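Structural overview
Chain by chain, the residues:
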Amino acid sequence: MSATLPTGHRRIDQLEMRGIVKRFPGVLAVDHVDFDVCSGEIHALLGENGAGKSTLMKMLYGLYQQDEGVVRLNNAEVRIRSPHDAIQNGVGMIHQHFMLVPSLTVAENIALGMKSSRGWRLDLDLVSKRIRELSERYNLKVEPDIPTWQLAVGEQQRVEILRALYRGAALLILDEPTAVLTPQEVDDLFVILKKMTADGHALIFISHKLHEVLAISQRVTVLRDGRRVDTIPTEGATRLKLAEMMVGRPVVLEYERPEVTVYSDRLQVRNVSALNDRGEVGLRELSLSVAGGEIVGVAGVSGNGQHEMAQVIAGLRPLTGGKIEINGQDVTGRSPSVVRKMGVAYIPEERMIDGVVKDFTVAENLVLHDHGRKPFVSQRIFMNFKAIRDACQEAIRAYEIKTPGPDVPIKNLSGGNIQKLVLARELARQPQLLIAAQPTRGVDIGATEYIHRQLLKERARGTAILLISEDLDEIRALSDRIVVMYEGQIMGIVPGKDVNIRQLGAMMAGTPLDKVAEMS
Amino acid sequence: MIEQLLAPSVFAAAMRLATPYLFASLGEMFGQRSGVLNLGVDGTMLMGAFFGFYTVMITESLLLGVLAALITGLIMGLVTAFISVTLKAEQGISGIGIYLFGLGMSELLYQRLIGTPKSVSGFSNIYIPGLSDIEFLGIGEIFFRHNLLVYVAFALVPVSAFILNRTPFGLMIRAAGQNPQAADAMGVNVTRVRYITVMIGGMMAGLAGASLSIALLKVFQQNLTSGLGFIAVALVYFGRWRPLGILIGAMLFSVVQAIQLQISAIGIDIPSEFAVMLPYVITIIALVFASKRMEKPTALTKPFERGES
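All of the points below concern the structure found in this document. (Residues numbered from 1 in each chain as written. Chains lettered and ligands numbered in written order. Predicted model: local features only at pLDDT ≥ 70, side-chain atom pairs only at ≥ 80, totals over all residues. Heavy atoms only, no water.)

Membership of the largest hydrophobic core comes to 157 residues, with the highest contact counts inside it found for Leu56, Met57 and Leu60 of chain A. For this core, the element with the most residues is helix α10 (residues 190-216) of chain B, which contributes 10 residues. Residue contacts for leucine 60 of chain A: discarding those within four places in its chain leaves Leu15, Met17, Val71, Ile80, Ala86, Val91, Leu171, Ile173 and Ile204 of chain A. Within the second largest apolar cluster, 38 residues are counted, among which are Ala345, Val362, Leu366 and Leu455 of chain A. (Core = buried A, V, L, I, M, F, W, Y, C linked by side-chain atoms within 4.5 Å. Buried < 20%, exposed > 50% of the residue type's maximum accessible area, 1.4 Å probe, protein only. Helix = DSSP H or I, 4+ residues; strand = E, 2+ residues; numbered from the N terminus. Contact = heavy atoms within 4.5 Å.)

Below, the discussion takes up the side chain of threonine 403 of chain A. Residues and elements named next belong to chain A. Along the polypeptide, threonine 403 turns up in the loop between α13 (385-398) and α14 (415-427). Within the local environment of threonine 403, its side chain forms a polar contact with the backbone oxygen of glycine 405, the two atoms lying 2.8 Å apart. If sequence neighbours within four positions are ignored, threonine 403 has contacts with Val362, Ile396, Val408 and Leu413. (Polar contact = N/O pair within 3.5 Å; in protein donor to acceptor, adjacent residues only side chain to side chain.)

With that out of the way, let us pick up the packing of helix α3 (residues 41-59) of chain B against helix α5 (residues 91-114) of chain B. Working note: a packed helix pair is described by the angle between its axes plus the distance between those axes. Residue and element names in this part refer to chain B. Contact geometry for α3 and α5: axes closest at 6 Å, N-to-C directions at 20 degrees. The orientation of α3 relative to α5 falls into the category roughly parallel. In the packing of α3 onto α5, the handedness of the crossing is left-handed. Side by side, α3 and α5 meet where Asp42, Gly43, Thr44, Leu46, Met47, Phe50, Phe51, Phe53, Tyr54 and Met57 of the first sit next to Ile98, Tyr99, Phe101, Gly102, Leu103, Met105, Ser106, Leu109, Tyr110, Leu113 and Ile114 of the second. (Axes fitted to C-alpha atoms, helices over the stretch in contact; angles between N-to-C directions. Parallel < 35°, antiparallel > 145°, perpendicular 65-115°, else oblique. Left-handed = near helix turned anticlockwise from the far one by under 90°.)

Here we take up unusual backbone geometry. Residues and elements named next belong to chain B. Residue leucine 137 is not a glycine yet carries a positive backbone phi of 55 degrees. The residue leucine 137 is located in the loop between β1 (126-127) and α6 (139-143) in this model. Using a relative accessible area of 65% as the deciding quantity, one classes leucine 137 as exposed. Although it is not a glycine, serine 226 sits at a positive phi angle of roughly 40 degrees. Its location among the elements puts serine 226 in the loop between α10 and α11 (228-238).

Here it is as structure tokens:
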């Protein structure tokens, strides 16, 4: 019989996964992986997209079944066949996409799927009372009676953690928990996590952000291509070492940014307003400019207008006010095709939806825009497939795209290689202005490095680049100037050199630059 | 003339006319709140109407008639759930299949087993002692002189609201319809929840049919419902997936219908087609202008797949 936690639930002294194997059709997703975590410990699980981190953890949480291997909890073998089994065994999980039902209140979300103490009637008052106790103890401020769709992302995450604690999670799996948080919110989360481990909880922290792993964990396990590379103590590990373990070869984390000639403003956005998909104001009186040879990074927590801004500039979303000029010419309200003819290239945020037609071949996707132009047509109406295929072969070689050939459906390629193809298509037009929205999201380190180098090459060529990213490291590594957005407005514009991360964080949380300057 | 059109008897008729709508729509609401659209309600109603009627005709027992309608609806609901939930078929199309099956099957059974138009005595009105005598505004006549099924249908409005909002099962229904992945991750058996709601919906559609054939009209003929089940589906949207909204919608419909019947009864010469159209026009307008409320089950018509998000 093991000890109990302050939440009153049974403690998990040790959980062990041994020889875990998971096969999907055609893929060995997890290949004989061993993993363990102890009470009071944060064990980080590090790896690139597709390395098998999430798959491994989904097995622990009963969302998948392993094909081989055993799970031992406090030295007793357990079979976890469903999330219900996992919860029964004290295993909780905070998913990357939050698992909340928007119309339900915080208390209802937490009561969902649990037995009511009043049998067939809900006991939401008791649930709320217990929520308040737990939120007090772990400093997880949240109001039980508010519908969760009204909550900010950080608050939603607190609800998720509360729910796991409420259900007696002694072991908590956190799947990329910092992806949607501001730096301050990350700090708050880390305080909460430390409090939990001090109380004897065991935590598994899935991430691909090296500095966070170094800051919070006691041990790190690195996965690559479904195999465990190694498990090492965090103390003594470095970013470079972890990155090399992840990728399997030496990597570069910082780039040289040579001084380049800066031309005149290529893009002028003046007082632009627009609605978001829900019909609310998404952009308010936004103004910014990008010059040739300059990378302007747009930072901000997801959903603060970055997406709308990229679409407005690309001509994909109507404006409700303001003006957009490209090379001094007014393109306000013009169609995407006109905007593209002005020399604008666009790497969209959702590459599988807006970037490529996933059932088309690699070659077809390469000429999605230029298919009507020479040399891809002959006699004005017939497509010249040979020219298209040749151009594709050339792009595959130049951009190091890993594909069996030009004629396979693009959906068979990895995220990084699809993104390289989008990049090849957009850069082939020698753009004046490049809008790159989340260019490396879900892309492995190797491809990320490649894409970054291409962006810097374009900068040196004199292209104006608007880089929209939720990855602050990426923004800081590449940008000449950094724009921070919050609720559709610009909080401030700062030089990219020697930027103060706390300052950025404060702006991302909604404090304008002048106020931030006053505070410090 | 206005007095004739707004007589208590007209509103009393509206209460009776609302009964099949309430049964069918409230049942359909449970399915939709859990994420399953069943367009085959009308077919299930026809089957329920037939078996309810036939059982009463043979056994002369109203209780057995109601039971037969419920069981018929349950079986139709089970089939619907199997097609929509287990086989994950396109719900809009498979619902039409269910409807056509019910339409054809009930007609075939009617021709083989009954043949010529017959009627049954069916449910008689129950006067609620005391209350049915209230003269003021005709309250007694409007509300308290109806057959048992009318009372049951109206009682189901608050009962449904209670189940949906105040019970753990209601919570599971709402979660399954809005974020089934979340419900699954919280240990809710989404498949089971959807099966149950669709079967409840089937039973209530069966009862809706019986309320026509053994209480309201007391006859059975081919296509007895004449598309009433489709209106019931529309009413769920109209009512924004809430029992009170459905009640308002059902009453709006049935009051207009009752007035229209009265118009032809007192022989006013305006094309009755206009009055018949009116409720549908109102529904379309209401659907166009309806705000995007958070109650909407966003996973409606989407089959559930574990691990996909």
